Amino acid sequence: MKKEFLDLGQQPIANNFLTPDQFDGEYFFNLKVGFDEDTCLVSLLDFVDKSMLFNENYVYQSSGSQTMRKHFSDAAKLIPKGSRVLEIGSNDGVFLKHFDTKQAIAIEPCSNFAAITGDLGYKTYAEFWDTDMAEVIVSEDGEQDYVFSANCFCHIPTLDEAFQAIHKVLKDGGIFIFEDPSLGKMIERTSYDQIYDEHAHIFSVTALKKALARNGLTLTKVEPLSVHGGSNRIYACKNPSGEIDRSVHEHLIEEDQAGLNKMETYEKFAKRIRASKISLVHILKENKNNGRGYKTISYGATSKSTTVFNYCGIGPDLIEYITDTTPDKQGKYSPGMHIPVVPYEGNFDETVDYAFLGAWNFIDEIKKKEHDFLMRGGRFITHVPIVRIIGG
Ligand code: TMP
């Protein structure tokens, strides 16, 4: 049974950047999070209907940053030449495009993206992942040597069924590689903005080991990744013949020591989040009210920043606008707080004094890119791991 430890208040659909005519009917729900002592899963108390989240209007593009393009190009090298691979949640094809169209197939519920990889020549099912789809794939395309999935499984409320479907689609000895944000890193960094409607769960290795085992899969290896603010790449196998990598044991011990199996840890996390909100709002109000007329904007119109802005009550009075390089977000307004989203070009110039890092997970890439901004006295603001100002 899930026990609530955090209430992030009324929240909109995190990725639903909208136009003014849509403000009136905007959907909100109460974003609450719970911990289940039996399964060790940290999950939302109420899940938002999947068709509201993942549909033909989905805007997040995995290939939107150099960091992620490089990440997926490296990830593709994990799949041996000639083996059959299925990607679940293929987005705009940033991983898939490293394969021959005969070697790889995909499934992606957002039909705008499924059409992109379809046009590139990859057979793409515009469907959600479940046991029925696993059966369709086995009969049409055969059992798979590998299944790859990035930032997708944490989106699936019915996790057990999703793992059963993996068991069905893999051949004996087949390997499932998946990566999602790490619960340990989120707790360590107080990066509560990992929590939003799409992230039905934030996984610990402990919880995944149990859930995979319940569904006939063995966790064989864990690889920490720096992407998305700290993720884990998980290797799971159907009837493994080799040994279990020592990384599994190491992560389980580490998580036990970090208290990820105890409710108390989550209650302390919630307390830190409340303090983070007070500090962030304080800095933004100071910027606004100190009489020097500082211009504060936000860098990267992320789902994560939707959680922060709505939880902290930060609107256009404190953040003038958000710059983002994604064309589909530009000209729209941020979910809930309705901060305008503008193109990066021409809007990140010498008039900007402070930029809140909505995309803090790309801090290295952004600092490099915005070296001149920092050199002329511009400052970034972040809330991860603690609220602070970052100078040149
Ligand atoms: P993510 O944190 O969910 O991956 O989203 C990153 C968002 O930030 C995406 O909309 C692209 C945007 N972005 C920029 O606008 N400029 C940048 O330099 C980077 C790295 C990201």
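Each remark here, short or long, concerns the structure printed above.
Calculation rules
Residues numbered from 1 in each chain as written. Predicted model: local features only at pLDDT ≥ 70, side-chain atom pairs only at ≥ 80, totals over all residues. Heavy atoms only, no water. Helix = DSSP H or I, 4+ residues; strand = E, 2+ residues; numbered from the N terminus. Contact = heavy atoms within 4.5 Å. Near = heavy atom within 4 Å. Polar contact = N/O pair within 3.5 Å; in protein donor to acceptor, adjacent residues only side chain to side chain. Areas by Shrake-Rupley, 256 points an atom, 1.4 Å probe, with all protein chains shown as cover. Nonpolar A, V, L, I, M, F, W, Y, C, P; charged D, E, K, R; others polar. Pairing = 2+ DSSP bridges. Axes fitted to C-alpha atoms, helices over the stretch in contact; angles between N-to-C directions.

(A) Spatial organisation of unusual backbone geometry. Here Val384 and Pro385 are connected by a cis peptide whose omega angle stands at -5°. Note that Pro385 resides in the loop between strand E16 (379–382) and strand E17 (388–390). Positioned with a positive phi, His228 is a non-glycine residue whose angle comes to about 50°. Here His228 shows up in the loop between strand E10 (218–225) and strand E11 (231–237).

(B) Representation of the side chain of Thr307 in the model. Turning to its location among the elements, Thr307 is positioned in helix H10 (residues 303–312). The contact partners of Thr307, leaving out residues within four places of it in the chain, are Leu8, Gln11, Leu31, Tyr192, Asp193, Ile195 and Tyr196.

(C) Representation of the site of the ligand in the model. With respect to spatial proximity, 16 residues lie near the ligand, and among them Tyr60, Lys304, Asp324, Lys329 and Lys369 are the closest. Here an oxygen atom of the ligand and a side-chain polar atom of Thr326 are 3.2 Å apart. The fraction of the free accessible surface of the ligand (480 Å²) that becomes covered by protein chains is 96%. Residues of the shell around the ligand, tallied by class, amount to five nonpolar, six polar and five charged.

(D) Just the sheet that holds strand E4 (residues 85–88), in detail. Reading across from one edge, E6-E5-E4-E7-E8-E11-E10 is the order of the seven strands in this open sheet, with mixed pairing throughout. This sheet does not close on itself; its edge strands, each paired only once, are strand E6 (124–125) and E10. By the bridge criterion, two bridges tie strand E5 (residues 104–107) to E6 in an arrangement that is parallel. Bridge pairing in E6 links Ile107 to Tyr125. Along the sheet face, helix H7 (residues 205–214) touches strand E8 (170–181), E10 and E11 and points at about 20° away from the line of E11.

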